[in-house]
Each structure stands twice: as C-alpha cells, then as structure tokens.
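Analysis of the macromolecular model
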Amino acid sequence: MIQDYIVFVGVNIVLAWSVYVILLAGSLSFANGGFMAIGAYVSGVLTVKFGFPLVIAALISGIAAGLIGVLAGFPALRTRGIYLMLVTVGIAVSVKAVIESIDYVGGIQGFGGMVGTTPWHVVGLVVLVGSGLALLSRSPLQRILDAVREDELSAASLGINPIYVKLTCFGVGAFLAAVAGSFYAHYLIHVSPDQVLSVFIVLYAVLGGTNNMWGPPIGAAIMTLTPEFVRGLEAWRPTAFGVIILCLLLIRPDGLLAFRIATTRTKAVAGSKPKQST
Amino acid sequence: MLAEQIINGVVLGSMYALIAQGYTLVFGVLDKLNFAHGEVFMLGGFICVASIALGASLPIAILVTAIIAGLLGLVVEFIGFRKFQSPDAHLTAALSSFAIGLVIIDLSQKIWGAESVAVTLPGTLQTAAVSIGGLRIVMLRLAILVISLLLMLALYVVVTRSSLGRRIRAVAESPTKAALFGINVTRINQQVFFVASMMAGLAGLALALRTGYASSDVGFTFGLKALAIMAIGGMGDLRGALIGGLIIGVLEALAFHWGLGQLADVFVWLLMIVILLMRPSGLFGTLISKEVRA
C-alpha cells in the first residue's frame, strides 16, 4: 500500500515538474501525456524484448521522447503560444493513435511484462529532478527563462534566442515525462494506450501553482492522495478537478499561471547578495 | 463503391465543418481556443437521446438540442471566458474551458453511463435510402449534408452581410475600438458563443443519428479533430473551416476505404503540424482579406 502511494505520488510529481519546466519558458504543453506514453512503451520494449536494465531503458526512452518533442515543438514554437497548444494536443493524440495501431506493442490491448520499479527508483528520480530544479532556480539560467517568459521581444534584444530556450525546455520536459512514464509502466506491469494518456498532468502542475518549483509537487501529491483517503471522491475525480480549477482560476486569475512572486526575483529585489554561483 | 465512400466522406466532412466553424468563430472573435466546444458537441448527441426518450418527435428534439446547446455555450462563456479577456490570457482561457469540458464529460457519464447509448428513430427514418444513378444513398445522410451546408451558409451570410455580422467583425478586429463605437462587446461574445455551441450541438445530434448511438468520448476524438481542421483551414476563417472539414472528411473516408483507417487520426494531426510550420495562417489564410474574417 505505502509502496503504491510513494510510486504514484512520485511519478505524478515528476510529471507535474515536466509540465512546469515547459511552462518556465511560457508555453503550456498538453503533450506530456503523450511523452509519458512514449517513455512507457519504448522502455517497456527495451526491457521486455531486449533485456535492457530498467534505468538505462528509461534514459534511452527519455532521450527518444525529448528528440520527438524538439522535432515537433520546433514548428509551433516559432509562433504564438496558442499554436503550440494546438500542436501539443496533436502530439498527444497522434502518439495514442500510433501506439494503438502498432501490433508489435499489443495495439489497443496494451503491452505487459514490465517489472522492476522499486519505490527507491522513484524517490531517487524525484530527488534528482528536484535538486536539478532547485539548482536551476538559483542559477543565471532562471533569469534567462524569466526574460523569455515575460517578454520574448526584449529577451531577444538582449541576445537571448527565445526559440532555442523554449525548445530546450520543451525537450527537457518531454525527457522528464518519458522517464516518469517508464518507471510508472514498470511498476504497473501492464500499460494500455488509454491508461498512460492522462489529461490530468497539466492540471497537477497548474493546481499547485506554478510560481515556483514547489507548487507542482504539492498539487500532484494532493491530487493523487486525496481520492485515496476520502471515500467516494475517486468516482467524482474529474468533476472535482474541473470545479476546483475553475474556482481557483476565477478567484485568482493570475495566481495560477503568472509568475509574479517568483522566489528568485523577490530575493533579487530585496538586494541580498547573490550567492557564489552554485 | 468508391463514389459512395466519397459521399460518406462529404457527409462526415460537413459535420467536422459544423464543429470547426464553432471553434473558428470563437477564435476569430476572442482570439482564444474553446476546449469545451467538443464536449458541447458530445452533449448534443445525448440531449437528442434524452428528448427522444421523453417522447419528443425529431423536429422537437432538434429544436431542444439547439437551444440547450446554445444555453450551455452561454454558461461556458460566462464561466470560462468572461474574466479572461485580456490578450495574454490564452493559457488561462484554454485551461478554464478545458476544465469545463472535464466536468461536462464526467457529469454526462454519471447520467448516461460510460457506454454508448443507442438512438432509435420511429419508422424508417434512419434506414430509408434513395438510389441516384445506381448509387444507394441513405436519406438521413443526405439530410445531414444539406442541413449543415444550409446552416453554414446562413452563418456566413449573417457574418458578412448583416448588421450583427458587422458588429461581430468589429469586435473581432478590436474589442476596445468596438466598445468605443457603442457595441456591447459582452453581448456580442454571448451571441457568438450561443451560435457556435448551437451548431456544435446540432453536429452532435447529427453524428448520433448517423451512427445510431450517442457516446461520451466523441468530444475527445471527433470534436478535437475539428480543432485540427480549424487550424488546417485557417484559424478564424469560416470558409477555411468548411473547406478543411470537407477535405479531411473525404480523405478520411478514402483512408477507411483503403484500409488505413487507424492512421487517419494521425494523418489529420500531422497535417495540422506541417501546415502550422509552412503557413501558420492555414491553407486558405491569404485567400481571404482580413475584412471578411469572422
């Protein structure tokens, strides 16, 4: 039981972070469910059919998903955010349709036989990704991301290439989603196209707040654990999700998606000495 | 055989176009994507099921579906878009409409169950067919095609010719300037949402009648594909949505004819990605002057 909680919460935290990383550069991705599916299937095939060790298979699938993300994100990232949103929806739907039509991985029935994820894998992943993000939020890179997100034009005038920055974030987000997806699949033993394509991933991140790196994991943890402990809520999960998000958006229209109180910035404004680069 | 497939494709395409025009109308006026639109479309089928189950005749069911779907559009506008009108609220509006869509799906599954529900019309309305030049065409499909084309023609005439259409175009051009000229922008938004959702509801009804059942996942498959079609045809362009819908409908029917049915979905979305790369204004983006843009 406790194992289940650790694995599911951990995987969802990493997924929420994968959306957060893409949001850092100001784009919203609905494709992370698709990248997660790519991770689950690619690593599943590598471990089950070719006998790769789990961690290496997860890394390979992450790199594959990252490449696909960069390739697919490239066209849309050149234009405004709304086109990217469309393309990300397209990626998610296409990934699902492609997986369903490949008989090699079981088509619509799904693919099984993956084992090997222990809670330690997931905890390790969360710690790694979390410390990476914590380092990032204290590094100059964070300010580049802030600049691109708030105003692409002025960022470009300062010599930052916004497309390059956004594309990198998109690739990293896809990578994280795929790694989380592969650990998830190797815990569940069996995955089907419907199961991995969760529309909730974006909501995890947004619900917790995207002002800093701690919002998404809190959102993911609350959203994963509450239905387990409150009887009857499981059946109403989508409605509860939808209503809560609507309320939050209506009460604090800027709070959820705007980065007004980013931690790094308030520190900079307060004039505290920046630490030696870490 | 092939000709029949093409006719089926045109009927399918007219339904895509009906939904895509709703997306495009909202996008043209508000510059926002309405992710709840596909679910309003899905609900159209269920409203039709419910009203027929309550003993309504087909014309009454159509009327009821149109009105309820339109009212639902007003709700979507009020909850999901009223507060998020600033130009940089793309993400917020998309998320809020997405959340509304989630709630609609979940509630309709609570009411009608997750399985699809059969729709049966009295008499032979669903099976009656005519043969024209050796082709057997189901009357219902013909009726769907004619009615949706008429609806779209009416919408086009209203948007380009009437005074309401002038006001809609003014708001699409610039809400602030339109407000300065005494146009009630909120009212125009409501009217646009009402019309768009009404068309989506009717498309849902048409799909339910054509396939013989209403299902709660068409919003995610069929409805979302119309979003891609909107982008293919040209965002915010009514004619683009119509032509895009028909092209995709026919291509999809041909794909099924040649046994490539499963990849038709992928094809549509890949085409959309390619078109966004080559010309973000869509296939017909430059053919139409900005003035006529709805």
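Residues numbered from 1 in each chain as written. Chains lettered and ligands numbered in written order. Predicted model: local features only at pLDDT ≥ 70, side-chain atom pairs only at ≥ 80, totals over all residues.

The next subject is the overall build of chain B. Within chain B, the regular secondary structure consists of eleven helices and four strands. Over its C-alpha atoms chain B spans a radius of gyration of 19 Å, differing by no more than 12% from the 19 Å that the globule rule assigns to 294 residues. Along the first, second and third principal axes, the C-alpha atoms of chain B reach 55 × 45 × 35 Å. When each of the 294 residues of chain B is scored for burial, the buried share is 52%. Partitioning the contacts of chain B with sequence separation of at least 6, the portion at a separation of at least 24 is 78%. (Helix = DSSP H or I, 4+ residues; strand = E, 2+ residues; numbered from the N terminus. Rg over C-alpha atoms; globule rule 2.2 N^0.38 Å. Buried ≥ 20, exposed ≤ 12 C-beta atoms within 10 Å, placed from the backbone. Contact = placed C-beta atoms within 7 Å.)

Here we take up the overall build of chain A. Broken down by element type, chain A carries 13 helices and two strands. Burial status across chain A gives 49% buried among its 278 residues. In chain A, the share of contacts with a sequence separation of at least 24, taken over all contacts with a separation of at least 6, comes to 78%.

Now for the interface of chain A and chain B. Listed per partner, the contact involves 31 residues of chain A and 32 residues of chain B. Of all the secondary structure elements, the ones that give two or more residues to the side of chain A that touches chain B are helix H3 (54–77), helix H4 (81–101) and helix H12 (237–251) of chain A. Ranked by the residues each element gives to the side of chain A that touches chain B, the list is headed by H4(A), at 14 residues. Of the residues in the side of chain A that touches chain B, the class split is 23 nonpolar, seven polar and one charged. (Nonpolar A, V, L, I, M, F, W, Y, C, P; charged D, E, K, R; others polar.)

Before going further, it helps to examine the pairing of strand E2 (residues 129–132) of chain B. Residue and element names in this part refer to chain B. Pairing analysis gives four bridges linking E2 to strand E3 (residues 135–138), with the strands arranged antiparallel. Looking at the pairing, isoleucine 132 lines up with leucine 135 of E3. Hairpin geometry of E2 and E3 is characterised by an intervening segment of two residues between the two adjacent antiparallel strands and by a positive phi of about 55° at glycine 133. (Pairing = 2+ DSSP bridges.)

With that out of the way, let us pick up the packing of helix H5 (residues 119–137) of chain A against helix H8 (residues 162–188) of chain A. All names here are of chain A. One can describe the packing of H5 onto H8 by two numbers: an axis separation of 10 Å at closest approach and a directional angle of 165°. As the angle between them shows, H5 and H8 are arranged roughly antiparallel. In this structure, the crossing between H5 and H8 has a hand that is left-handed. Between H5 and H8, the contacting residues are His121, Val122, Leu125 and Val129 on the first element and Leu176, Val179 and Phe183 on the second. Class assignment for the residues of the contact of H5 with H8 results in six nonpolar, one polar and no charged. (Axes fitted to C-alpha atoms, helices over the stretch in contact; angles between N-to-C directions. Parallel < 35°, antiparallel > 145°, perpendicular 65-115°, else oblique. Left-handed = near helix turned anticlockwise from the far one by under 90°.)

All names here are of chain B. Those residues of helix H6 (residues 163–173) that fall on the buried side of the exposure criterion are Ile168, Arg169, Val171 and Ala172. One face of H6 carries all of its buried residues, which in axial projection span an arc of 160°. Where the residues of H6 are buried, they touch helix H1 (2–30), helix H5 (139–161), helix H7 (175–180) and helix H8 (185–211). (Arc of directions from axis to C-beta.)

All right, on to helix H2 (residues 32–50) of chain A then. Residues and elements named next belong to chain A. With 19 residues, H2 should reach 27 Å at 1.5 Å per residue; the first-to-last C-alpha distance of 26 Å fits that figure. Most of H2 is tucked away: 15 of the 19 residues are buried. Just beyond H2, the residue with positive phi is glycine 51, at close to 70°. (Expected span 1.5 Å × (residues − 1).)

Moving on to unusual backbone geometry. Look at A:Ile189: it is not a glycine, yet its phi comes out positive at around 75°. Tracing the backbone shows A:Ile189 in the loop between H8 and strand E2 (190–191). A:Ile189 gets classed as partly exposed once you count the C-beta atoms within 10 Å, which come to 13. Located in the positive-phi region is B:Asp31, a residue other than glycine, with phi close to 65°.

With that settled, the discussion passes to the confidence of the model for chain B. All names here are of chain B. Counting all residues, the mean pLDDT for chain B is 85, and 94% of those residues have values of 70 or more. Between residues 286–294, whose pLDDT stays under 50, and residues either more than four places distant or in other chains, the model counts 17 contacts. Interface predicted TM-score (ipTM) for the complex: 0.77; the corresponding pTM is 0.83. (pLDDT = per-residue confidence, 0-100.)

This part is about the packing of helix H9 (residues 218–233) of chain B against helix H11 (residues 264–278) of chain B. Residues and elements named next belong to chain B. Here H9 crosses H11 at 30°, and the two axes come no closer than 9 Å. In this structure, H9 crosses over H11, and the sense of that crossing is left-handed. On the side of H9, the interface is formed by Lys225, Ala228, Ala231 and Ile232, while H11 contributes Asp265, Val268, Trp269, Leu271, Met272, Ile275 and Leu276. When its residues are assigned to classes, the contact of H9 with H11 shows nine nonpolar, no polar and two charged.

All names here are of chain B. Looking at the secondary structure, you find valine 158 in helix H5. You can call valine 158 partly exposed: it has 16 C-beta atoms within 10 Å. Each C-alpha atom of the pair valine 158 and leucine 263 lies 37 Å from the other, and the pair is 105 residues apart in sequence.

On to the environment of B:Leu72, then. Residues and elements named next belong to chain B. On the secondary structure map, leucine 72 appears in helix H3 (residues 58–81). Here the alpha-carbon distance between leucine 72 and glycine 204, two residues 132 residues apart in the chain, equals 14 Å. Every residue in contact with leucine 72, bar those within four places of it in the chain, is listed here: Val40, Leu43 and Ser197.

A separate point is the confidence of the model for chain A. Residue and element names in this part refer to chain A. With 85% of its residues at a pLDDT of 70 or more, chain A has an overall mean of 80. Across chain A, the secondary-structure element scoring lowest on mean pLDDT is helix H13 (residues 263–270), at 43, and the one scoring highest is H8, at 90. Per-residue pLDDT stays below 50 along residues 260–278; that stretch engages in 17 contacts with residues further than four places along the chain or on separate chains.

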